[in-house]
Amino acid sequence: MSIAQPIGFEPNPVFDVRVNPHADVLDRVERTLDVVLDRASVVYGIYGATEGFRTTGGTWVRVERRGRLRINSAVWVGLEAAATIRGVKKPEWFQGATWVDHDRDVVWRADEVELVTSPIVATSEEAGALPDSWWTSLRESLDALGAHTTERVGMSQKHLTHRITEVFGDVDTHVDEWATAHTDVHWGNLTTDGHLLDWEDWGAGPRGLDASCLWQASLPNRAVADRVRREFADDMTTRSGKLAQLLQCANAVRVAARRGESTPLSEAAQAAADDLLVELRST
């Protein structure tokens, strides 16, 4: 029996959990973590590398595969390492397991975390209806995260400089303030009750990086983008905050250039970048 795939579906050439049989892997997850997966509840990642399941114990298990020679150690343990952070509204991490699968030439990782049932915010339009208390909660979470000490690197000076100068040319990109950041704060990673999801890539970054990520995701919706800037003005008006915003603008403009056509996001990003460049070059 063949399974119809959605339009635009492209199987991953390594090992795609969406199409390749791996019941033995899930059996091992259940034995190792002492859980029972609700296999009908599966949610797949868009690249066929991850899948998630509810458990009968009321938790969530995330399963990921990576090529045996393509393990990024920081990302691989990001979810587990985030368990040390306090004061941030995020799913609690309970336990994890990792093993090598020689037959498939991949490595598996399974993590059991708190089940978050609130829906994601998803779009800037939905964000416009969020109450003031939601914004207060997010500010408190990002403040606590920023104060957390870590040796992890979420965004390096080298990457920021390369990306900004690649798109906008000669700019002084020296970052003078650093703080711990989630690095991928957008409406798909925020829930309506304030949880911040997906902790694989967190680490030190320019002060204001997380607020700038959320601002960039909101650019097509001027009212919400302005709200982000107001809520996080203390970070975003700093030199590092302006560079973090310029980085996000560079990312949006670069994507549009590679596609060969502008988008509402890239047009708004270019307009914002023009103002940021004037401010940065005048100081």
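Look a little higher up for the structure.
So, here's what we can say about the structure. Since we're looking at a predicted model, the values are computed, not measured.

What counts, and where the lines are drawn
- Residues numbered from 1 in each chain as written.
- Predicted model: local features only at pLDDT ≥ 70, side-chain atom pairs only at ≥ 80, totals over all residues.
- Heavy atoms only, no water.
- Helix = DSSP H or I, 4+ residues; strand = E, 2+ residues; numbered from the N terminus.
- Rg over C-alpha atoms; globule rule 2.2 N^0.38 Å.
- Buried < 20%, exposed > 50% of the residue type's maximum accessible area, 1.4 Å probe, protein only.
- Contact = heavy atoms within 4.5 Å.
- Areas by Shrake-Rupley, 256 points an atom, 1.4 Å probe, with all protein chains shown as cover.
- Lys, Arg positive; Asp, Glu negative; His and termini not counted.
- Charge placed at Lys NZ, Arg CZ, Asp CG, Glu CD.
- Salt bridge = Lys/Arg side-chain N within 4 Å of Asp/Glu carboxyl O.
- 1 Å grid on protein atoms, 1.4 Å probe; cavity = no way out; pocket = protein on both sides within 12 Å on 5 of 7 lines; lining within 4 Å.
- Points joined across faces, edges and corners; volume = space filled by probe spheres on them.
- Nonpolar A, V, L, I, M, F, W, Y, C, P; charged D, E, K, R; others polar.
- Pairing = 2+ DSSP bridges.
- Axes fitted to C-alpha atoms, helices over the stretch in contact; angles between N-to-C directions.

### Section: the overall build of the chain
Alright, step 1. Each helix and strand in the chain was counted, giving eleven helices and seven strands.
Alright, step 2. A globule of 283 residues ought to have a C-alpha radius of gyration of about 19 Å, and the chain, at 20 Å, matches this closely.
Alright, step 3. Over its C-alpha atoms, taken along the principal directions, the chain stretches across nearly 60 × 40 × 35 Å.
Alright, step 4. Out of the 283 residues belonging to the chain, those deemed buried represent 46%.
Alright, step 5. Taking contacts inside the chain between residues at least 6 apart in sequence as the whole, the part at least 24 apart equals 67%.
Alright, step 6. Surface accessibility of the chain: about 14,500 Å² in total, with carbon and sulfur atoms responsible for 50%.
Alright, step 7. Counting 30 positive and 43 negative side-chain charges, the chain places the centres of these two groups 3 Å from one another.

### Some details on the pattern of salt bridges
Alright, step 1. Counted by the stated rule, this structure contains 20 salt bridges.
Alright, step 2. The salt bridge involving Arg222 is made with Asp226; its shortest N-O contact spans 3.3 Å. Of this pair, Arg222 and Asp226 both sit in helix H8 (residues 222-231), separated by four residues, roughly a single helical turn.
Alright, step 3. Judged by relative accessible area, which is 28%, Asp226 ranks as partly exposed.
Alright, step 4. Taking the shortest distance from any N to any O, the salt bridge between Arg227 and Glu231 comes out at 2.7 Å. Here Arg227 and its partner Glu231 are both found in helix H8, four residues apart, which amounts to about one turn of the helix. Here the two residues Arg227 and Glu231 agree in accessibility, since each one is buried.
Alright, step 5. Within the structure, one salt-bridge network assembled from shared partners comprises Arg62, Glu64, Arg66 and Glu200.

### Some details on the side chain of Thr173
Alright, step 1. Its place among the elements puts Thr173 in the loop between helix H6 (157-168) and strand E6 (178-181).
Alright, step 2. When sequence neighbours within four positions are dropped, the list of residues in contact with Thr173 reads Gln157, Leu160, Thr161, Ile164, Thr165, Arg239 and Leu243.

### Describing the layout of surface pockets
Alright, step 1. Of the voids in this model, the largest pocket is the one considered here, and its volume is about 1,300 Å³.
Alright, step 2. Lining the largest pocket are 42 residues, and of these Arg62, Asn189, Leu197, Asp198 and Glu200 sit closest to its centre.
Alright, step 3. Contributing elements (two or more residues each) for the lining of the largest pocket: strand E1 (37-44), strand E2 (50-55), strand E3 (59-67), strand E5 (106-114), helix H7 (209-218) and helix H10 (239-259).
Alright, step 4. In terms of residue count, E3 provides more of the lining of the largest pocket than any other element does, four residues in total.
Alright, step 5. Of the volumes computed, that of the second largest pocket is approximately 400 Å³.
Alright, step 6. Secondary-structure elements contributing two or more residues to the lining of the second largest pocket are H7 and H10.
Alright, step 7. Class assignment for the residues of the lining of the second largest pocket results in eight nonpolar, six polar and two charged.

### Observations concerning the pairing of strand E4 (residues 93-101)
Alright, step 1. Judged from the eight bridges that link them, E4 and E5 form a sheet pairing that is antiparallel. Note that in E5 the partner of Trp99 across the bridge is Trp108.
Alright, step 2. Connecting E4 to the next strand, E5, in antiparallel fashion are four residues, including Asp105 with a positive phi near 60°.

### A closer look at the environment of Ala223
Alright, step 1. Checked against the element boundaries, Ala223 lands in helix H8.
Alright, step 2. Once the C-alpha coordinates of Ala223 and Glu125 are considered, the two residues, 98 residues apart in sequence, prove to be 9.5 Å apart.

### Description of empty space enclosed by the protein
Alright, step 1. The full count for this structure, using the stated rule, is one cavity of 30 Å³ or more.
Alright, step 2. Taken as a whole, the largest cavity spans an internal volume of roughly 30 Å³.
Alright, step 3. Every residue lining the largest cavity is listed: Arg62, Glu64, Val75, Trp76, Leu79, Arg109, Asp111 and Glu200.

### Remarks on the sheet that holds E5
Alright, step 1. Pairing is antiparallel in the open sheet, where five strands are placed in the order E1-E2-E3-E5-E4. Taken across any chain shown, the strands that pair with only one partner, and hence form the sheet edges, are E1 and E4. Along the sheet, successive strands turn relative to each other by an average axial angle of 20°, direction set aside.
Alright, step 2. Judged from the four bridges that link them, E1 and E2 form a sheet pairing that is antiparallel. Across the sheet, Tyr44 pairs through a bridge with Glu51, a residue of E2.
Alright, step 3. Along the sheet, helix H1 (residues 23-33) makes contact with E1, E2, E3, E4 and E5, crossing E4 at roughly 135°.

So yeah, pure geometry; function would need other evidence.
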